[in-house]
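Next come the chains, spelled out residue by residue.
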Amino acid sequence: MFENLSPPPADSLMEVGRLFRADNREAKIDLGVGTYRNGEGRIEVMAAVKESERRLLETQTGKGYVGPGGDALFCDLLANTLFPELGALAERQMALVQTPGGTGAYRLGLELAALRFPSARLIVGTPTWPNHIPTAERVGLRCVTYRHYDPASGVVDFGALLAAVADARPGDLFLLHGCCHNPTGAVLSPQQWGALAAALLAARVVPIIDLAYAGMASGMTADAQATRQLIEVLPEAIIAISCSKSFGLYSERTGMLAVRATSTASADACRQTAESLARTLWSNPPDHGAAIVRTILSDADLSSAWRAELHAMRKRLAGVRALLAGSGYPGADRIAAQEGLFAMLTLSPMAIEAMREHHAIYMDPSGRINIAGLNDHNIDRFLAAVRTVSVAQEVA
């Protein structure tokens, strides 16, 4: 069966991680995989998470299955944290299903859409997270791309985005990053989000919104504002939500699928169908991460402590952005106007390879860096290396 099986093309981010782990140089810098790291370069367990786990250890009496739909209270609390202003709309016309991480939510949303409309295409702005297109293709959807980001200006190519909506067919899916665009960090203004919502409505296109980084720009509710704008205007939307970054629960695989439907009956049908699909994909989602989030969000003091920690994380990221923006590196000034964990450097593949080989600095071949990998201990060395390879790039 497997004699002639060829390995798939390497995932660039996973390859960067593999090379980083194999490097024995003590001062190496990891700017690859998108995890938040503290000022000492560590992926730290949040204090609110630790306290939540302590309470669970003392009170949890069993490890039974949670059912294909997962923890309903976790889903309700998370939805209310992100969309507190939706009120009755969220209660009556949104289907909520717990998933293994944001990737599980994205896959389940695609499965649901493909089951209902198998001829739908997924329209994807580039560059994007490397897993977006392969996951859609596994479901059987055809992907169509357009240029989302203008590297010369460092902003969203909004004209190209609206043109892609205009070229879409009714029933197509349109992929959007709800906040903190991965990999560019480029943002849309509230006015642009409003214009986009109107264009999607006119084109009869369903957005699938990747909300993986809520909390990492301006706060959980604020970072979900663009998604709320879309939900309020459009009759249908698919939202993939992750708790990996906002709660630091990367290894716990904690996420949620939210589907905005046209009626209570449609929302209930979406929930039941999504649960049926989940039964064939992973049967039941993992419980521990969702239990942590549920414990935090259901306790006012614990929730307040968690929000304070999340605020400190955002403040550190903003500080790193300010240092990068003031570094004098060509185009670095745009980084301050962007948001989230990521930014794009205008380095050639040869320069990026030189960063790795000569300076032990690891980043994606696209030039994307995870700015959370920078701190007071390594940012000067990083900037010096960038200047060195940039000069070599100009000479070449």
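Residues numbered from 1 in each chain as written. Predicted model: local features only at pLDDT ≥ 70, side-chain atom pairs only at ≥ 80, totals over all residues. Heavy atoms only, no water.

Asker: Please provide a residue-by-residue account of the sheet that holds strand β2 (residues 94–100), values included.
Answerer: In spatial order, the strands read β2-β10-β9-β8-β7-β3-β4; together these seven strands make up an open sheet with mixed pairing. Edge strands, defined here as strands with exactly one partner in the open sheet, are β2 and β4 (142–147). Between one strand axis and the next, the sheet turns through 20 degrees on average, direction left out of account. Judged from the two bridges that link them, strand β3 (residues 121–126) and strand β7 (residues 173–177) form a sheet pairing that is parallel. By the bridge assignment, I123 is partnered in β7 with F174. Along the sheet, helix α6 (residues 132–139) makes contact with β3, β4, β7 and β8 (206–211), crossing β4 at roughly 155 degrees. (Pairing = 2+ DSSP bridges. Helix = DSSP H or I, 4+ residues; strand = E, 2+ residues; numbered from the N terminus. Axes fitted to C-alpha atoms, helices over the stretch in contact; angles between N-to-C directions. Contact = heavy atoms within 4.5 Å.)

Asker: If you had to explain the packing of aromatic side chains to someone new, which residues and values would you point to?
Answerer: Counted according to the given criterion, the structure contains four aromatic pairs. Ring geometry for F20 against Y362: centres 5.5 Å apart, planes inclined by 85 degrees, an arrangement best described as edge-to-face. On the criterion of sequence distance, the pair formed by F20 in helix α1 (residues 12–22) and Y362 in strand β12 (residues 361–362) is long-range, its members being 342 residues apart. Comparing F20 with Y362, the two get one shared label, buried. Summarising the aromatic geometry, the rings of F247 and W306 are spaced 4.4 Å apart at their centres and angled 5 degrees between planes, so their arrangement reads as stacked. Here F247, found in the loop between β9 (237–242) and β10 (254–260), pairs with W306, found in helix α13 (residues 300–325); they are 59 residues apart in sequence, far enough to count as distant. Given a relative accessible area of 1%, F247 falls into the buried group. The ring of F20 has K28 sitting right over it, with the charged end atom 4.3 Å from the ring centre. (Phe/Tyr/Trp six-rings, centres within 6.5 Å; stacked < 30°, edge-to-face > 60°. Buried < 20%, exposed > 50% of the residue type's maximum accessible area, 1.4 Å probe, protein only. Lys NZ or Arg CZ within 6 Å of the ring centre and 35° of its normal.)

Asker: Describe unusual backbone geometry, with residues and values.
Answerer: At the junction of T126 and P127, the peptide bond is cis and its omega measures out at 0 degrees in the coordinates. Among the secondary structure elements, P127 is positioned in the loop between β3 and α6. N182 connects to P183 through a cis peptide bond whose omega is 25 degrees. Despite not being glycine, R253 has its phi angle at roughly 50 degrees, a positive value. Relative to the elements of secondary structure, R253 occurs in the loop between β9 and β10. For R253, a relative accessible area of 31% translates into the label partly exposed. Non-glycine residue S283 carries a positive phi angle of around 65 degrees. Relative to the assigned elements, S283 resides in the loop between α11 (264–281) and α12 (288–297). Exposure remark for S283: the relative accessible area of 22% places this residue in the partly exposed category.

Asker: Before we move on, can you summarise the UniProt feature "domain: Aminotransferase class I/classII large" (unreviewed entry) in the protein chain with the specific residues and values?
Answerer: Here the UniProt feature "domain: Aminotransferase class I/classII large" (unreviewed entry) sits at residues 28–385. Taken end to end, residues 28–385 comprises 46% helix and 16% strand; its first and last C-alpha atoms sit 12 Å apart. (UniProt positions renumbered as here; feature names shortened; annotations may be inferred.)

Asker: Tell me what's going on with the domain arrangement of the protein chain, and back it up with residues and numbers.
Answerer: On domain assignment, one finds that the protein chain holds domain 1 (12–44 + 302–395) and domain 2 (63–298). Computed from C-alpha coordinates alone, the two centres of domain 1 and domain 2 are separated by 27 Å. Counting the surface lost from both domain 1 and domain 2, the interface buries some 2200 Å², and carbon and sulfur atoms represent 62% of this. Together, W306, R314 and E339 form the three largest contributors to the area buried by domain 1 at its contact with domain 2, with a combined 28%. Connecting domain 1 to domain 2 are zero salt bridges. No other element matches the eight residues that α13 contributes to the side of domain 1 that touches domain 2. Taken together, the residues that form the side of domain 1 that touches domain 2 break down as 13 nonpolar, six polar and five charged. (Domains from an automatic or database assignment. Buried area = accessible area lost by both parts, 1.4 Å probe. Salt bridge = Lys/Arg side-chain N within 4 Å of Asp/Glu carboxyl O. Nonpolar A, V, L, I, M, F, W, Y, C, P; charged D, E, K, R; others polar.)

Asker: Just give me the short version of helix α3 (residues 72–82), but keep the residues and values in it.
Answerer: Along α3, the residues classified as buried are F74, C75, L77, L78, A79, T81 and L82. By the N-cap criterion, in which a side-chain oxygen at the helix start approaches the backbone nitrogen of a residue two or three places on, α3 is capped by D71, the distance to L73 being 3.0 Å. (Polar contact = N/O pair within 3.5 Å; in protein donor to acceptor, adjacent residues only side chain to side chain.)

Asker: Would you mind going over the nonpolar core in detail, with residue names and values included?
Answerer: Counting 98 residues, the largest nonpolar core has F83, F174, L324, M363 and F382 as the members making the most contacts within it. If you tally residues by element for this core, the top one is α13, at seven residues. A domain split of this core shows at least three residues from each of domain 1 (12–44 + 302–395) and domain 2 (63–298). If sequence neighbours within four positions are ignored, F382 has contacts with I29, L31, L324, L345, M355, I361, M363, I369 and L374. If you look at the next biggest cluster of nonpolar residues, it comprises 28 residues, including A105, A114, L173 and V206. (Core = buried A, V, L, I, M, F, W, Y, C linked by side-chain atoms within 4.5 Å.)

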